[in-house]
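For reference, the chains in residue letters:
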Amino acid sequence: MSQRFVDEPGEPYSFYYVLRSGGQVYVACPACGEAAEILMKAEAEDCGKGLLRCLSCAYRAIEPDKGLRYAASGVCDACGLWFNEAVADAGRITHKNAHVACPNCGADQQVPLRKLPGGRVFGSVSAEGTDPMFGLPLYFRDRYKGTPIWALNRRHLNYLIDYISADLRVKPNGPTLRAASYRLPKELKLAKNRSGVLKVLMRLKQRSNRT
Ligand SMILES: [Zn+2]
Ligand SMILES: [Zn+2]
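Since this is a predicted model, take the numbers as computed values, not measurements. (Residues numbered from 1 in each chain as written. Chains lettered and ligands numbered in written order. Predicted model: local features only at pLDDT ≥ 70, side-chain atom pairs only at ≥ 80, totals over all residues.)

This part takes up the overall build of the protein chain. On a plain count of helices and strands, the protein chain comes out with 4 helices and 12 strands. Whereas a compact globule of 211 residues would reach a radius of gyration of roughly 17 Å, the protein chain reaches 18 Å, a difference of no more than 12%. By its C-alpha atoms, the protein chain is 60 × 45 × 30 Å across when sized along the principal axes. Taken across its 211 residues, the protein chain has 24% of its residues classed as buried. Partitioning the contacts of the protein chain with sequence separation of at least 6, the portion at a separation of at least 24 is 57%. (Helix = DSSP H or I, 4+ residues; strand = E, 2+ residues; numbered from the N terminus. Rg over C-alpha atoms; globule rule 2.2 N^0.38 Å. Buried ≥ 20, exposed ≤ 12 C-beta atoms within 10 Å, placed from the backbone. Contact = placed C-beta atoms within 7 Å.)

Next up on the list: the sheet that holds strand 5 (residues 60–62). Reading across the sheet, the 4 strands line up as 2-3-4-5 and stay open at both edges, with antiparallel pairing between neighbours. Since the sheet does not close on itself, it has two edges, and those belong to strand 2 (25–28) and strand 5, each with one partner. The sheet shows a mean angle of 25° between the axes of neighbouring strands, direction not considered. Where strand 4 (residues 50–54) lies against strand 5, 3 bridges are found, and the strand directions are antiparallel. Bridge assignment links leucine 51 to a residue of strand 5, and that residue is isoleucine 62. (Pairing = 2+ DSSP bridges. Axes fitted to C-alpha atoms, helices over the stretch in contact; angles between N-to-C directions.)

The next subject is the pairing of strand 4. In strand 4, alternate side chains face the same way, and those of Gly50, Leu52 and Cys54 are buried while those of Leu51 and Arg53 on the opposite face are not. By the bridge criterion, 5 bridges tie strand 3 (residues 35–40) to strand 4 in an arrangement that is antiparallel. Bridge assignment links glutamate 37 to a residue of strand 4, and that residue is arginine 53. Hairpin connection between strand 4 and strand 5: a loop of 5 residues separates the two successive antiparallel strands.

Read from one edge of the open sheet, 4 strands run 7-6-9-8, paired in antiparallel fashion. In this open sheet, the two strands that pair with only one neighbour each are strand 7 (82–88) and strand 8 (97–101). Ignoring which end each strand starts from, the neighbouring axes of this sheet average 45° apart. Here strand 6 (residues 68–75) runs beside strand 9 (residues 108–115); their pairing, made up of 3 bridges, is antiparallel. Residue pairing for strand 9: tyrosine 70 is matched across the bridge by lysine 115.

With that settled, consider the nonpolar core. The biggest cluster of nonpolar side chains holds 30 residues, and the ones touching the most others in it are Tyr26, Leu138 and Phe140. Of all the elements in the fold, those that place two or more residues in this core are helix 1 (15–20), strand 2, strand 3, strand 4, strand 11 (147–151), helix 2 (154–165) and helix 4 (194–205). When residues of this core are assigned to their parent elements, the largest contribution, 5 residues, is made by helix 2. Apart from residues lying up to four places away in sequence, tyrosine 26 is in contact with Ala35, Ala36, Glu37, Leu138, Tyr139, Phe140, Asn153 and Thr211. (Core = buried A, V, L, I, M, F, W, Y, C linked by C-beta atoms within 7 Å.)

Turning our eyes to something else, we now look at helix 2. Compared with an ideal rise of 1.5 Å per residue, which puts 12 residues at 16 Å, helix 2 spans 16 Å between its outermost C-alpha atoms and is within 8% of the ideal. If you check which residues of helix 2 are buried, you get His156, Leu157, Tyr159, Leu160, Tyr163 and Ile164. The arc that holds the buried residues of helix 2, viewed along the axis, is 160°, so those residues lie on one side. On its buried face, helix 2 sits against strand 1 (4–6), strand 10 (140–144), strand 11, strand 12 (168–170) and helix 4. (Expected span 1.5 Å × (residues − 1). Arc of directions from axis to C-beta.)

What follows covers the pairing of strand 8. Relative to strand 9, strand 8 is paired through 5 bridges, and the arrangement is antiparallel. Counted as the bridge partner of histidine 99 is glutamine 110 from strand 9.

Structure below.
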């Protein structure tokens, strides 16, 4: 029986969307290598800062202040993916445009700058699966024939398993520009790679059941 899967609209598995909607992103703890969670800290004195805490050891960290003041966003002319990166104001920004390396493919892009409200950062997970807040590797991260596979959390992992398992992948209804699969590398979407990619995802799913 063929399996039909309707993709989710928008980018529900983007780093900031997950954190802002109260979810967690799991990275490898820099102290012990086990799962550590990143979440938005609710306490007022650190309004809106990210918190990292290990589920196995006592390691904790607060989002470092990178002095970022501007956002540079656009569609990369090399890989075609939309990006939204924060740029630091080191007192040297005198132009309305800035050179930014595309977070997905690394190509140099010249894009207009936009002031960030309250200095908030809008980064995205790198193609290799490194978080933009602490620079740590995601906990659910592996490779299939050299192509990185990663998930922010268990919900994202389950989404990927459903998406990859489907014989027929359908775009969501409505005037949506992007769907959740937008950032998945093409190699992972190919039918011939389905069982291999699924094996990697299922192996990731076996990791810590504390997440
Ligand atoms: Zn730890
Ligand atoms: Zn690119």
